[in-house]
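# Breakdown of the fold
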Amino acid sequence: MHPSSLGCACCDAPGRRLLLRGAAGLLCAAIGGGGALAQVTAGVPRSLRIHRMQTEEDFDGVYWRDGRYDREALKQLDWLFRDPSREEATPMDPRLFDVMHTVALQLEASEAFQVISGYRSPETNAARARESRRVSRASLHMSGMAADVRLPGRDSFGLARLAAEMQIGGVGLYRRDGFVHLDCGPARRW
């Protein structure tokens, strides 16, 4: 069921509102004030272009403007980043979108991120961890804080290196599979 047909209590919850208000400040603290990264905090609208590989769904729009996150855009992104094997969504951490926006900004990318994996239910994550030891049993995917992505026409190594140099979250390079893990957790790389 699509979230537009449901009331979204998660977006109206006090905790979500606090997260949304505090996320901009956390992003400022995480990325500092250098160069093009400072543009992210300067009141410029933040937008993303996303193509979800498994569902063939797209998002192309602004998710932050006038000093706050757009709740309707976040609802759309929450649904787009859902676990498609279970048709289960969770409130995604908007700082993940800030990480993706910042990476796209630095790369001057106009193409859409191809999202291979966003939110994973604990059941889906456990199944993947049984199949591959490269899948963490405590993955940030289960908290709505991570995505596995690629940018068409862009080298995954270059994307991963840039994201790691920015130190605004976790970055994992899966060169053989052709994607990069991005998250809004502590800065680290693998």
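Residues numbered from 1 in each chain as written. Predicted model: local features only at pLDDT ≥ 70, side-chain atom pairs only at ≥ 80, totals over all residues. Heavy atoms only, no water.

If you tally the helices and strands in the chain, you get seven helices and eight strands. The 190 residues of the chain split such that 48% are buried. Excluding contacts between residues fewer than 6 apart, the proportion of contacts in the chain whose partners are at least 24 apart in sequence is 59%. (Helix = DSSP H or I, 4+ residues; strand = E, 2+ residues; numbered from the N terminus. Buried < 20%, exposed > 50% of the residue type's maximum accessible area, 1.4 Å probe, protein only. Contact = heavy atoms within 4.5 Å.)

The tendency in soluble globular proteins is for nonpolar side chains to be buried side by side. Ile50, Phe81, Met100 and Phe113 are the most contacted members of the largest nonpolar core, which totals 39 residues. Contributions of two or more residues to this core are made by β1 (46-52), β2 (57-65), α4 (71-80), α5 (94-107), β4 (113-117), β5 (146-150), α7 (156-166) and β7 (179-183). Apart from residues lying up to four places away in sequence, Phe113 is in contact with Leu48, Arg49, Ile50, His51, Met100, Val103, Ala104, Val149, Arg150 and Leu151. (Core = buried A, V, L, I, M, F, W, Y, C linked by side-chain atoms within 4.5 Å.)

The eight strands lie next to each other as β3-β2-β1-β4-β5-β7-β6-β8, forming an open sheet whose pairing is mixed. One side of each edge strand has no neighbouring strand; the edge strands of this open sheet are β3 (68-69) and β8 (188-189). Here β2 runs beside β3; their pairing, made up of two bridges, is antiparallel. Counted as the bridge partner of Arg65 is Arg68 from β3. This element, α4, spans β1, β2 and β3 of the sheet and lies at about 145° to β2. (Pairing = 2+ DSSP bridges. Axes fitted to C-alpha atoms, helices over the stretch in contact; angles between N-to-C directions.)

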